[in-house]
Amino acid sequence: MEKNESKAMSIVSRRGIFYQSFGIYKEIGGFYDYGPVGVRIRRNIENAWRRLFVDMLQAIEIESSSIMPEAVFEASGHLSTFTDPMTKCKVCNTPYRADKLLESFYEKKHDYKSMEEVKKLSLEELDRKIREHGIKCEKCGGELGKVEKFNLMFQLKIGPTGSETGYLRPETAQGIFVDFRDLFKTQGLKMPALIAQVGKSYRNEISPRQQLVRMREFTQMELELFFDPEEEEKDIGFIELEKVLDTKISFIKSGEEEAIKASLKELLESKSIPNKYFALLLYLENRLMQEIGFDEKAYRFRELEKEELPHYSKGNVDLEVNTEYGFIEVAGNAYRTDYDLSSHARVSGVEITVVNNGRKFVPHVVEASMGLDRLLFSIIENSVVSGDREWDWLRLKESIAPYKYAVFPLQKDDKLLKKARELAKMLVEKGVSAYYSDSGSIGKRYAKADEIGVPYCITIDYQTLEDDTVTIRNRDDSKQIRKGIAELLSSS
Ligand code: GAP
């Protein structure tokens, strides 16, 4: 059996797991819709995240507005700094992200060292390199214009007079910061205080590409952990910090190229991560990756280089997964200090402080920000199995598979159909995900179930009518066992 990433997208399009939005109209890059299978896998990943980042930590979860007034982004810094370097073709006007253009130039030349250096280049240096290497428009070969900053936020006018400027939020985190003061009071929070949010974020990406990797509308799952920087870190929710620190993760230190296996304790001691709360975030992400089915060799954590850090950051570590596009970032972790709350207090004129141990101060925050779409994309890519049967299939973990069971009648006989439908209904009523199908041959039904990663297919045959037993086919080895319906229901 061999894994084959390149087959993943053919399953995705055949089964409509996700697809480009507005299909009947002119294509606009960066927007994707999820079909029925995609919706279910996505929801399962989201719930796996929620179990760890909300329930295990006993965090609170909110839903804030997606449209926010300009003042919010003046405070957050997005108005002035949320930009990417852009160059446009002087002939056909096609826009390019200058850094990505240069990276792909070096990649084609197998000059990986220069490729790595691109993220450190200033606007002027990017401009100079593009000219030095004679890089031209990929569409028409035209000359490229000066590299300039482009703000990625979608601007809009609020209300009929249009007097109020607003923006679609580029991250869900700002809603948490803006609401922090009120939540702290109304929810009776104490230090450390944990607030989570899952929701859509919007970025007007210059060149959206690589499907769910660079989208203009996507979903983030974010946790903000507010704490007192002068207080020793404490256990949180149901997690004991000292136990967390023994966890070993694959980690690339800044300035290094190779990942090492190191415990969180070692990373703390070497100052690669700033504090124990930050370690906790990496622990949870590592756990989530395993719970949703990633092999530990498929992902790594990477300490960001100094040039990549925002000025207020006291530590940033990305989580990256290996895909057909190379390693892509699926989560960003950051120690944002008191930057966000202090900035919102300054711009709004409202005091945002807490009192802890008799001291009044602005809390510090560490943040874990995960991209749901990128996680879905990379788990599908990492789950394709090819070569052991006539069809390619997804070895998805039961916890994220779109359905646990598919229920089939062996033949189109009314008695079998009725019995199969009854069993599927009983499973659904029990809260177990199952679907019923009687279309096509039984072989085709198995293939279709395998393809979307359904772990078990139950078949109702004539013996079922006699002794209430069914066959259960295991997706991974295609082996079948016979089991009583009563036992199946009680163990599901
Ligand atoms: N609040 C911090 C923040 O937003 P980020 O690194 O810009 O940090 C966090 O984004 C995560 O959101 C990324 O690791 C990625 O998974 C996801 N993400 C960001 N931009 C995206 C895009 N254009 N398309 C899909 N996912 C994206």
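Residues numbered from 1 in each chain as written. Predicted model: local features only at pLDDT ≥ 70, side-chain atom pairs only at ≥ 80, totals over all residues. Heavy atoms only, no water.

Caption draft 1: Geometry of the overall build of the chain. A count of helices and strands for the chain gives 17 helices and 27 strands. Scaling as 2.2 N^0.38, a compact globule of 492 residues should have a C-alpha radius of gyration of about 23 Å, and the chain matches this with 25 Å. With the C-alpha coordinates of the chain rotated into their principal frame, the extents come out at 75 × 65 × 55 Å. When burial is assessed residue by residue, the chain has 53% of its 492 residues classed as buried. Accessible area of the chain: about 23200 Å², with a carbon and sulfur share of 48%. When the 74 positive and 82 negative side-chain charges of the chain are each reduced to one mean point, those points stand 3 Å apart. (Helix = DSSP H or I, 4+ residues; strand = E, 2+ residues; numbered from the N terminus. Rg over C-alpha atoms; globule rule 2.2 N^0.38 Å. Buried < 20%, exposed > 50% of the residue type's maximum accessible area, 1.4 Å probe, protein only. Areas by Shrake-Rupley, 256 points an atom, 1.4 Å probe, with all protein chains shown as cover. Lys, Arg positive; Asp, Glu negative; His and termini not counted. Charge placed at Lys NZ, Arg CZ, Asp CG, Glu CD.)

Caption draft 2: Molecular detail of the nonpolar core. Formed by 87 residues in total, the largest nonpolar core has its most connected members in Phe18, Leu264, Ile273, Leu280 and Leu375. The element that contributes the greatest number of residues to this core is helix H11 (residues 276-291), accounting for 10 residues. Here this core gathers at least three residues from each of two domains, domain 1 (5-69 + 169-384) and domain 3 (403-491). Residues in contact with Leu280, not counting those within four places in the same chain, are Leu57, Leu225, Ile236, Ile239, Leu241 and Val244. Core analysis: the second largest hydrophobic core is formed by 18 residues, Leu183, Leu189, Ala193 and Ile352 among them. (Core = buried A, V, L, I, M, F, W, Y, C linked by side-chain atoms within 4.5 Å. Domains from an automatic or database assignment. Contact = heavy atoms within 4.5 Å.)

Caption draft 3: Here's a closer look at the packing of aromatic side chains. One pass over the full model with this rule turns up 18 aromatic pairs. Where Phe18 meets Tyr32, the ring centres are 5.9 Å apart and the plane angle is 85°; that geometry is what we call edge-to-face. Of this pair, Phe18 sits in strand E2 (residues 18-20) while Tyr32 sits in strand E3 (residues 32-34), placing them 14 residues apart in sequence. By the burial criterion, Phe18 is buried, and Tyr32 matches it. With a centroid separation of 5.4 Å and an interplanar angle of 10°, the aromatic rings of Trp49 and Phe53 are classed as stacked. (Phe/Tyr/Trp six-rings, centres within 6.5 Å; stacked < 30°, edge-to-face > 60°.)

Caption draft 4: Local environment of the site of the ligand. As a matter of local geometry, the ligand sits amid 20 residues, with Glu171, Arg203, Met215, Glu222 and Glu329 nearest to it. Between Glu222 and the ligand, the recorded distance is 2.5 Å, taken from a side-chain N or O atom to a nitrogen atom. Within the side chain of Glu329, a nitrogen or oxygen atom sits 2.6 Å from an oxygen atom of the ligand. When the free accessible area of the ligand is taken as 550 Å², the share hidden by the protein chains comes to 89%. (Near = heavy atom within 4 Å. Polar contact = N/O pair within 3.5 Å; in protein donor to acceptor, adjacent residues only side chain to side chain.)

Caption draft 5: Representation of unusual backbone geometry. Cis geometry marks the peptide bond from Met191 to Pro192, where omega comes out at -10°. For Pro192, the position within the fold is in the loop between helix H8 (173-186) and strand E11 (193-202). Its identity as a non-glycine residue notwithstanding, Phe22 has a phi of 55°, on the positive side. Structurally, Phe22 is set in the loop between E2 and E3. Residue Phe22 is classed as partly exposed on the basis of its relative accessible area, which comes to 39%.

Caption draft 6: Representation of the pairing of strand E6 (residues 83-88). With 4 bridges joining them, E6 and strand E8 (residues 148-151) adopt antiparallel strand pairing. Paired with Met86 across the two strands is Glu148, which belongs to E8. Where E6 folds back on strand E7 (residues 95-97), the antiparallel hairpin that results is connected by 6 residues, among which Asn93 adopts a positive phi of roughly 70°. (Pairing = 2+ DSSP bridges.)

Caption draft 7: Local environment of H11. Compared with an ideal rise of 1.5 Å per residue, which puts 16 residues at 22 Å, H11 spans 22 Å between its outermost C-alpha atoms and is within 8% of the ideal. Burial of H11 is extensive: 13 of the 16 residues sit out of reach of the surface. Near the N-terminus of H11, the side chain that reaches the backbone nitrogen of Tyr277, with its oxygen 3.2 Å away, is that of Asn275. Once H11 finishes, Gly293 follows within two positions and takes phi at roughly 110°, a positive value. (Expected span 1.5 Å × (residues − 1).)

Caption draft 8: Quick peek at empty space enclosed by the protein. What the rule picks out here adds up to 1 cavity of 30 Å³ or more. Volume-wise, the largest cavity comes out at about 30 Å³. Taken together, Lys248, Ile249, Ser250, Lys261, Asn286, Gln290, Glu296 and Tyr299 form the lining of the largest cavity. For the lining of the largest cavity, the secondary-structure elements that each account for two or more residues are strand E13 (248-252) and H11. (1 Å grid on protein atoms, 1.4 Å probe; cavity = no way out; pocket = protein on both sides within 12 Å on 5 of 7 lines; lining within 4 Å. Points joined across faces, edges and corners; volume = space filled by probe spheres on them.)

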